[in-house]
Amino acid sequence: MLLIAFYVAITVEAMTAALAAGRRNMDWFGVCLIACVTALGGGTMRDILLDHYPLVWVKNPYVLLLVCGAALATIPLAQLVDRLKWPFLLLDALGLVVFTVIGCNIGIEAGVHPIIVIVAGMVTGTAGGVLRDVLCNDIPLIFQGELYATVSLITGVIYFLGLTNGMPGDLMVLIAIAIGFTLRVLALVLKWEMPRFVFDRNMRR
Amino acid sequence: MLLIAFYVAITVEAMTAALAAGRRNMDWFGVCLIACVTALGGGTMRDILLDHYPLVWVKNPYVLLLVCGAALATIPLAQLVDRLKWPFLLLDALGLVVFTVIGCNIGIEAGVHPIIVIVAGMVTGTAGGVLRDVLCNDIPLIFQGELYATVSLITGVIYFLGLTNGMPGDLMVLIAIAIGFTLRVLALVLKWEMPRFVFDRNMRR
Amino acid sequence: MLLIAFYVAITVEAMTAALAAGRRNMDWFGVCLIACVTALGGGTMRDILLDHYPLVWVKNPYVLLLVCGAALATIPLAQLVDRLKWPFLLLDALGLVVFTVIGCNIGIEAGVHPIIVIVAGMVTGTAGGVLRDVLCNDIPLIFQGELYATVSLITGVIYFLGLTNGMPGDLMVLIAIAIGFTLRVLALVLKWEMPRFVFDRNMRR
């Protein structure tokens, strides 16, 4: 089930990334690259940081074809995809928590410290979007107040605490995904925001 | 011969990168760093993704001196280098296809899936320019319609298909480079462009 | 002593990075991430380039807590930290040379070529700031004429030459740090600048 959710999530990430590329008038190659970086960049960065080789898409290159196919399919369907804002926000929220749980699992397998397990989950869930924004020459969106990385953090902590307290793995996957997904959707609906650190140099005088 | 072409290519990449740094009024250190990232960043990224260590310039650090030397030599020669636009475009086209073939060879040695062999070639050929544009705070040029990454893709596919169909390696190197180089030059002369995905949110209403 | 200096340095880097994040109105998560990337990104990049695993903060995750704690503590203290400009510039200069020496040590342990030892020191000393500026969507500051990377280069060369000429390691740490720190402070006080490469395309006609 986690695997199906993974494929749905990278497809959704690829499609929303393609729209971001289209807003910057990129060519078809740029659309595919932005899609790959967004959908697979988080896992890739996690694996490089943990020295966990081969990378997911090197071992299973067909995910590259899936991501590029989803990105290119978005081009003729752009108006439709953009209009389906809520289904995509929901699937994106699902992707965030699914990626986080998968990342935590890789961290646990690699035998790293609990803090790094949580970090592995957060990197998997959020780094793809950061890389997309860097390539699109934006200040990364997740630093702008949205409750996104925080949801990933909470999902990872709940999942890891459950596992270390002897809960069965399959059940904890469901619980962590359910709580994380609900949190993210609540944050979207109720417009919850992280507090910002607004520092204006000139204020001090 | 591939080795000589490699040294010519990194020298050319270093010199055009130095001009890009000069347009942004960078200091001499910035010029060297942008040159190193542009000339060696593609191979470095490929090796990190494939876990192929030691990196080229760690094993043979003199390429760093060559790249920095070429970049610094560009400073007094800037007017000249800029005026030699066509020789540099041709050498840059040669670099693109040479890097691609070298990248494919590394992928083949590493025993990865054919798709990843092609990706290794494309990363080697194009990632240096993407990293240069990120450091110079631009949207990467190769996403803007130029037939650049596509040439790398086609070169890699021809090279790999030739090898797997029993053609001798040396001959395939020549054929792939000749076809890729011709394609790139035709794209420059005839101003071929990748189609773009232009998505304007406001169009939908 | 190098270890204490290391902890002081990453704390200082985290605090100045937090101010940079605050100037861009980032949220608390963004503040922590920018702080981690700035304080630990140089060492992380060095270790990835040298295939030197596990990464410092994966092996000792408490440095992540230290960095995030220092970054969050900067938020209520922003006016104060900003007013303490000189103490922070001095501690930042100390951090630069300490990071450089630590990076050189890792290069020496890894048994790489002397040029790469110096490069390892420079990457450790300067790459964190480059990554911070990329994430904040700026052209990296160290390319803009400040004598920063050059100080790292000189510190590394002195340290390595001393060691290979039979000087005791502890003494060379002190000498290299003293010279590098003095150079950096002199550069700040006397406003020494690297020459720039100013290239304006339109000048040529």
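Source: prediction; values computed, not measured.

Trainee: When you look at the pattern of salt bridges in this model, what are you seeing that I'm missing?
Mentor: If the charged atoms of two oppositely charged side chains come close together, the side chains can form a pair. Evaluated as defined, the whole model comprises six salt bridges over all chains. Of the charged contacts, one joins Asp47 of chain B and Arg46 of chain B as a salt bridge, the two residues approaching to 2.9 Å between their closest N and O atoms.

Trainee: Mind showing me how you'd approach the interface of chain B and chain A here?
Mentor: Interface size is commonly expressed as the accessible area that is lost once the parts come together. Taken together, the contacts link 32 residues of chain B with 36 residues of chain A. Carbon and sulfur atoms make up 68% of the area that chain B and chain A hide from each other, which totals about 3000 Å². It is Phe143, Phe197 and Phe199 of chain B in chain B that bury the most area against chain A; as a group they hold 28% of the surface buried on that side. In this assembly, chain B and chain A are joined by zero salt bridges. At the boundary of chain B with chain A, the tally comes to four residue pairs in polar contact (both at pLDDT 80 or more). If you list the elements that add at least two residues to the side of chain B that touches chain A, you get helix 2 (28-50) and helix 7 (114-135) of chain B. Among the elements that take part in the side of chain B that touches chain A, helix 7 of chain B stands out by supplying six residues, more than any other. Looking at side-chain class alone, the side of chain B that touches chain A contains 22 nonpolar, four polar and six charged residues.

Trainee: Before we go on, may I ask you to explain the UniProt feature "domain: Glycine transporter" (unreviewed entry) in chain A in this structure?
Mentor: In this numbering, the UniProt entry assigns the feature "domain: Glycine transporter" (unreviewed entry) to residues 5-74 and 90-161 of chain A. End-to-end, the C-alpha atoms of residues 5-74 of chain A are 20 Å apart, and along that stretch the chain is 84% helix and 0% strand.

Trainee: What should I look at first to understand the interface of chain A and chain C in this one?
Mentor: Facing 32 residues of chain A, the contacting portion of chain C comprises 36 residues. Here chain A and chain C share an interface that buries about 3000 Å² over both sides, 68% of which is from carbon and sulfur atoms. Between the two partners, chain A and chain C, sit zero salt bridges. Inspection of the region where chain A meets chain C yields four residue pairs in polar contact (both at pLDDT 80 or more). Elements supplying a minimum of two residues to the side of chain A that touches chain C: helix 2 (28-50) and helix 7 (114-135) of chain A. For the side of chain A that touches chain C, the element with the most residues is helix 7 of chain A, which contributes six residues. Looking at the side of chain A that touches chain C residue by residue, the classes come out as 22 nonpolar, four polar and six charged.

Rules and cut-offs
Throughout this document, residue positions are counted from 1 along each chain, in the order its sequence is written. A letter from A marks each chain and a number from 1 marks each ligand, given out in the order of writing. Only residues with pLDDT of at least 70 get local features here, since the model is predicted, and only at 80 or more are side-chain atom pairs given and counted; chain-wide, interface and lining totals rely on the full set of residues. Hydrogen atoms and water are omitted, and side-chain values are computed over all heavy atoms in the structure. Note on definitions: salt bridges are taken to be side-chain nitrogens of Lys or Arg within 4 Å of carboxyl oxygens of Asp or Glu. In what follows, a contact means two residues having at least one pair of non-hydrogen atoms within 4.5 Å. When two parts are put together, the accessible area they lose, computed with a 1.4 Å probe and summed over both, is reported as buried area. The definition of a polar contact used here is a pair of N or O atoms within 3.5 Å, where within protein one atom must be able to donate a hydrogen and the other to accept one, and adjacent residues in sequence count solely through side-chain atom pairs. Labels follow the DSSP assignment, with helices taken as runs of H or I lasting at least four residues and strands as runs of E lasting at least two, numbered in each case from the N terminus. Classification used: nonpolar for Ala, Val, Leu, Ile, Met, Phe, Trp, Tyr, Cys and Pro, charged for Asp, Glu, Lys and Arg, polar for all others including Gly. UniProt positions are given in the numbering used here, feature names are shortened, and annotations may be inferred rather than shown by experiment.

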